[in-house]
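Tertiary structure, described
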Amino acid sequence: MNRVEVPTAQPYQVRIGPGAVTELPTLVAGRRVAVVCPQPLVDLVGRLGLHDPVVIEVPDAEAAKSPDVLVRGWQGLAEAGMTRGDVIVGLGGGAATDLAGFLAATWMRGVDVIQVPTTVLAMADAAIGGKTGINIPAGKNLVGAFHEPKAVLCDTDLLTTLNAREVRSGMAEIVKCGFIDDPVILDLVEGQDVLDVTSKAFVEVLTRAVTVKAAVVSGDLHERTSSSGHVGRERLNYGHTLAHAVEAHKHFTWRHGEADAVGMVFAAELSRRYLGLSDEVVSRTRAILLGIGLPITFDEVEWADLRGTMDLDKKTRFDPETGRRVLRLVGISKPGDVAMIVDPDEDVLVECYRSLQPA
Ligand code: GLY
C-alpha cells in the first residue's frame, strides 16, 4: 500500500493500492457512518465492514451535484440523527465525493468526511484537496466550500469494473501532473502499460499524480497564491481553460479527461509561442495523449463561441482600468516548469485553435 501525506494545517493521508478500502472500518471505529453513493454502489456498502451504516443514495454522475440532492442529503442525515461526532463517507466518482464533501462541510457546520473514490479521475484529482460543492443552473461548482477530508482511500481493486473510456479519461489528469510537475510520469506512460489498473505501473503513476496534487494543494489550499513568479493551485488547471469550454459546447457528452486532452494540446501550442516550449515537447504531448487513446483534435465549434465561454473561466480577471476581462492560462516552458500566460494575443489564440484541426 502506498501512502501519500497531504501536509495541510490538518494533515491527512491518501492510501493507494489494492485493498485500501479495508482500512475504512478502523478509521471510523466507534462512530456512526453515513455513506453517500450512487445506486450501483449501494451493494458495495454492505461489504465495507461498517457497523449499520446509513446510506444516502444519490443520482449517478453530475446529477448528484444539484441543490435538490443536497437538500435530500441533509434530510437523510437528519432522519438518521447524525451528530457532529459522526462521519460521512463519499463513495463514488468525483460528483459523489464533491457532494459528500459539501454535505460534510455544511452538516452541523462541519463534520468529518473520508473519501473513497471509485474512478481514476476522482482518485487522481477530485477526492483530494478539499474542494467540495454543487452545480446551479448558472454554472458548475458555483456553490461550495473547502473542506478537507480526514483520509482518502484509493482502492485500485474498485477500478477493475470501469470501462476503458473511463480509465483513459482519468489517465489525462495523471498525464497533466506529468507536464506540470513530475516528468517521470510521462516516461512511465510512454514505456509501460499504465492503462491496466491492476498493474504496478498504474499504481505508480497514480501515486505520483497524487503526490503532485498533495504538494500543490498544501501550498495553496484556497487557490490564492499565483503571482507572476509563482503559480499555486491554479497550475492544476493546465489545459482546462479550453477544456471547460469544449465540455460545455459538447453538452458534457465528452468525458472531462477527453476535453482535457484537447485542452493540453492547445496549452502546449500556446506555451510554444509564449514560453518557448520546444517543438519536441509539443509533439510529445500529442503522441502521449494519442497513445492513451484520447482525442487531440477539435474544430467542431466556431472559435468565437469557445472564446466567449473561455472568458467565464475562473482564472480570468477583470481589469478596472480598461474594463476588459483578462484571460489567464496555465502554460509550461518545459515539463515541470509552469508559468501563467496572461492576456494572450487574440490572433495567437486563433492560430493555436487552428492547430487542433484534424489533418
Ligand atoms: N481540480 C483542481 C483543484 O483541485 O484545484
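As a starting point, this report considers the structure included with it. What you are looking at is a predicted structure, and each value in this text was computed from that prediction instead of being measured. (Residues numbered from 1 in each chain as written. Predicted model: local features only at pLDDT ≥ 70, side-chain atom pairs only at ≥ 80, totals over all residues. Heavy atoms only, no water.)

Moving on, we come to the pattern of salt bridges. Applying the stated criterion to the full structure yields 28 salt bridges. Between Lys250 and Glu300 there is a salt bridge; the shortest N-O distance is 2.4 Å. Of this pair, Lys250 sits in the loop between helix H9 (240-249) and helix H10 (256-275) while Glu300 sits in the loop between helix H11 (279-292) and helix H12 (303-310); the two residues are 50 residues apart in sequence, bridging distant segments of the chain. For Lys250, a relative accessible area of 18% translates into the label buried. Note that Glu351 is salt-bridged to Arg273, the shortest N-O span being 2.7 Å. With Glu351 in helix H13 (residues 346-354) and Arg273 in helix H10, this pair connects stretches of sequence that are 78 residues apart. Judged by its relative accessible area of 30%, Arg273 is partly exposed. (Salt bridge = Lys/Arg side-chain N within 4 Å of Asp/Glu carboxyl O. Helix = DSSP H or I, 4+ residues; strand = E, 2+ residues; numbered from the N terminus. Buried < 20%, exposed > 50% of the residue type's maximum accessible area, 1.4 Å probe, protein only.)

In the vicinity of the ligand, the contacting residues are Asp125, Lys131, Lys213, Glu223, Arg233 and Leu236. Here Asp125 contributes a side-chain N or O atom positioned 3.0 Å from a nitrogen atom of the ligand. In the complex, 87% of the free accessible area of the ligand, which totals 200 Å², lies under the protein chains. Of the residues in the shell around the ligand, the class split is one nonpolar, no polar and five charged. (Near = heavy atom within 4 Å. Polar contact = N/O pair within 3.5 Å; in protein donor to acceptor, adjacent residues only side chain to side chain. Areas by Shrake-Rupley, 256 points an atom, 1.4 Å probe, with all protein chains shown as cover. Nonpolar A, V, L, I, M, F, W, Y, C, P; charged D, E, K, R; others polar.)

This brings us to the packing of helix H3 (residues 67-79) against helix H4 (residues 94-106). Packing of H3 against H4 brings their axes to within 10 Å, and their N-to-C directions diverge by 55°. Considering the angle they form, H3 stands oblique to H4. As for how H3 packs across H4, the hand of that crossing is right-handed. Seen from H3, the contacting residues are Val69, Leu70, Gly73, Trp74 and Leu77; seen from H4, they are Leu99, Phe102, Leu103 and Thr106. (Axes fitted to C-alpha atoms, helices over the stretch in contact; angles between N-to-C directions. Parallel < 35°, antiparallel > 145°, perpendicular 65-115°, else oblique. Left-handed = near helix turned anticlockwise from the far one by under 90°. Contact = heavy atoms within 4.5 Å.)

Moving on: the packing of H10 against H11. H11 packs onto H10 with a crossing angle of 175° between their chain directions and a minimal axis gap of 9 Å. When the axis of H10 is compared with that of H11, the two are roughly antiparallel. Contacts between H10 and H11 involve Ala261, Met264, Val265, Ala268, Glu269 and Arg272 from the first element and Asp279, Val282, Thr285, Arg286 and Leu289 from the second. Across the contact of H10 with H11, the residue classes break down as six nonpolar, one polar and four charged.

Next up on the list: empty space enclosed by the protein. Scanning the entire structure with this criterion turns up two cavities of 30 Å³ or more. Put simply, the largest cavity is a space of about 40 Å³. Residue lining of the largest cavity: Thr97, Asp98, Val113, Gln115, Ala126, Ala127, Gly130, Lys131, Thr132, His147 and Pro149, and that is the complete set. Elements that contribute at least two residues to the lining of the largest cavity include exactly H4, strand E6 (112-117) and strand E7 (131-136). For the lining of the largest cavity, the class distribution of residues is four nonpolar, five polar and two charged. Counting only elements with at least two residues in the lining of the second largest cavity, the list comes to H9, H10 and strand E12 (328-334). When grouped by side-chain class, the residues that make up the lining of the second largest cavity number five nonpolar, five polar and no charged. (1 Å grid on protein atoms, 1.4 Å probe; cavity = no way out; pocket = protein on both sides within 12 Å on 5 of 7 lines; lining within 4 Å. Points joined across faces, edges and corners; volume = space filled by probe spheres on them.)

Bridge analysis of E7 against strand E8 (residues 139-146) gives five bridges, and the strand direction is antiparallel. Considered in E8, the bridge of Gly133 is made with Gly144. Hairpin remark: E7 followed by E8, antiparallel, with two residues in the connecting loop. (Pairing = 2+ DSSP bridges.)

Ranked by size, the top nonpolar core spans 80 residues in total, and within it Val14, Ile174, Phe179, Tyr238, Leu242, Phe266 and Leu306 carry the most contacts. A total of eleven residues in this core trace back to one element, the largest contributor, which is helix H8 (residues 200-219). With residues up to four places along the chain from it excluded, the contact list for Leu242 reads Val262, Gly263, Phe266, Trp303, Leu306, Met310 and Leu356. Ranked by size, the runner-up nonpolar core spans 22 residues in total, among them Val36, Ala64, Ala95 and Leu103. (Core = buried A, V, L, I, M, F, W, Y, C linked by side-chain atoms within 4.5 Å.)

Before going further, it helps to examine H3. With 13 residues, H3 extends 18 Å from end C-alpha to end C-alpha; this agrees with the ideal 18 Å at 1.5 Å per step. Buried residues in H3 make contact with strand E3 (33-38), strand E4 (54-58), strand E5 (87-92), H4 and E7. Once H3 ends, the next one or two residues include Gly81, with phi positive near 70°. (Expected span 1.5 Å × (residues − 1).)

This next bit is on the pairing of strand E1 (residues 2-6). The side chains of a regular strand alternate between the sheet's two faces. As judged from the five bridges shared by E1 and strand E2 (residues 12-17), these two strands associate in the antiparallel manner. Note on E2: the bridge partner recorded for Val6 is Tyr12. Hairpin geometry of E1 and E2 is characterised by an intervening segment of five residues between the two adjacent antiparallel strands.

Applying the stated criterion across every chain yields a total of four aromatic pairs. Between Phe179 and Tyr238 the ring centres are 6.4 Å apart and the planes differ by 45°, which places this aromatic pair in the tilted class. Of this pair, Phe179 sits in helix H6 (residues 164-180) while Tyr238 is found in the loop between H8 and H9, placing the two residues 59 residues apart along the sequence. On the basis of relative accessible area, Phe179 is assigned to the buried category, the value being 0%. For the ring pair Trp254 and Phe298, a centre distance of 5.4 Å and an interplane angle of 75° mean the geometry is edge-to-face. Of this pair, Trp254 sits in the loop between H9 and H10 while Phe298 sits in the loop between H11 and H12, and the two are 44 residues apart along the sequence. Taken as a pair, Trp254 and Phe298 share a single burial class, namely buried. Ring pairing ties together the aromatic residues Phe266, Trp303 and Tyr353, which thus form one cluster. (Phe/Tyr/Trp six-rings, centres within 6.5 Å; stacked < 30°, edge-to-face > 60°.)

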